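# Structural characterization, general
One letter stands for each residue in the lines below.
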Amino acid sequence: MSNLTSSPAPCSRSWSISEDSLRRYVFYASENCIQELLSASDSKSGGNDGWKILGVDNGVEISKRRSGSLHTFRSRWLLKSVSPQQFITVANAIDAARQWDGDLVEARYIKDLEDNLSIIRLRFGENSKPLFRNREFIVYELRETMDDGTLVVAVASLPKEIAAGLHPKQNNAIRGLLLQSGWVVEKLDHDSCMVTYVVQLDPAGWLPKCFVNRFNTKLVMIIDNLKKQVLSSSTNSDESA
């Protein structure tokens, strides 16, 4: 892609990253993210797993778990007569980003490391929220299907140095390590599925905690809109069948 190989501006530091280094980092980080998502979504672990229920809205359960100084938020809901494939068609990580910030100017694939592992550039515009205004985030997206059919979609932003090496033209606008999130979609009987969305804003721990909590909660609440979209899409598909 032509816009990935532009020359750096004078008197600015130019980052670069080898394909091998990128693969090593992303494979390691994405596997850890997958395991964390599966652990966070495990409904069989009982009530003593550290999650505190914050509320239930339209059948969507919102909960929070604290790990040290970091907070992780989780939403979970049951979609009856909706298959995992139908859900993922409507709701994926980039669709989710569009839901919680309408000023996402661009969401573009930079490269594929594997068939199920991609690097994506998210660019926010002038009117976005302060943490995102005129900023770019380079994220990886890993989709993996477990032996039991559970689908996991893991998304996390790359560290700034790695992100700037992938897109050096505007590296002064790149933020790193702001978000780690993902879907866990479990197939149930009667072509239904259980969907869990887990998000942790600022895994590097450099934002004020009040900002983190507020944005985390808002990120999780997008699933109510996504649920409506999925159910509407499912109804339309049934009617056209």
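Residues numbered from 1 in each chain as written. Predicted model: local features only at pLDDT ≥ 70, side-chain atom pairs only at ≥ 80, totals over all residues. Heavy atoms only, no water.

An unreviewed UniProt entry annotates the chain as START domain-containing protein originating from Datura stramonium.

### Some remarks on the environment of W51
Here is the rule we go by: Starting at the N terminus, helices and strands are each numbered in turn, a helix being any DSSP run of H or I of at least four residues and a strand any DSSP run of E of at least two. Accessible area is worked out with a 1.4 Å probe on protein chains only. A residue is then buried under 20% of its type maximum, exposed over 50%, and partly exposed in between. Two residues form a contact once any of their heavy atoms are found within 4.5 Å.
Turning to its location among the elements, W51 is positioned in strand β1 (residues 51-57). Residue W51 is classed as buried on the basis of its relative accessible area of 11%. A C-alpha to C-alpha distance of 8.8 Å links W51 and F73, two positions 22 residues apart in sequence. If near-sequence neighbours (up to four positions away) are discounted, W51 is found in contact with A40, S63, K64, R65, T72, F73 and R74.

### Observations regarding the pairing of strand β4 (residues 104-114)
Note on strand geometry: in a regular strand, side chains alternate between the two faces of the sheet. Which entries qualify depends on this criterion: Strand pairing is assigned whenever DSSP identifies at least 2 bridges connecting the two strands.
Judged from the 8 bridges that link them, β4 and strand β5 (residues 117-124) form a sheet pairing that is antiparallel. Among the inter-strand pairings, E114 is bridged to a residue of β5, identified as L117. Following β4, the chain reverses through 2 residues before pairing antiparallel with β5.

### Considerations on the side chain of S75
Tracing the backbone shows S75 in strand β3 (residues 70-79). Owing to a relative accessible area of 0%, S75 belongs among the buried residues under this scheme. When near neighbours in sequence (up to four residues on either side) are disregarded, S75 contacts V60, E61, I62, V195, T196, Y197, V220 and I223.

### Quick notes on the nonpolar core
The nonpolar side chains of a soluble globular protein tend to be buried with one another. Stated formally: Among buried residues, the Ala, Val, Leu, Ile, Met, Phe, Trp, Tyr and Cys ones that are joined through side-chain atoms within 4.5 Å form a nonpolar core.
Ranked by internal contacts, the top residues of the largest apolar core, which has 39 residues, are W77, L79, F87, W183, V185, V195 and L201. Once you skip the residues sitting within four places of it in the chain, V195 turns out to touch S75, R76, W77, L79, F87, W183, V184 and V185. Counting residues in hydrophobic clusters, the runner-up holds 26 residues, among them V26, I138, A164 and I174.

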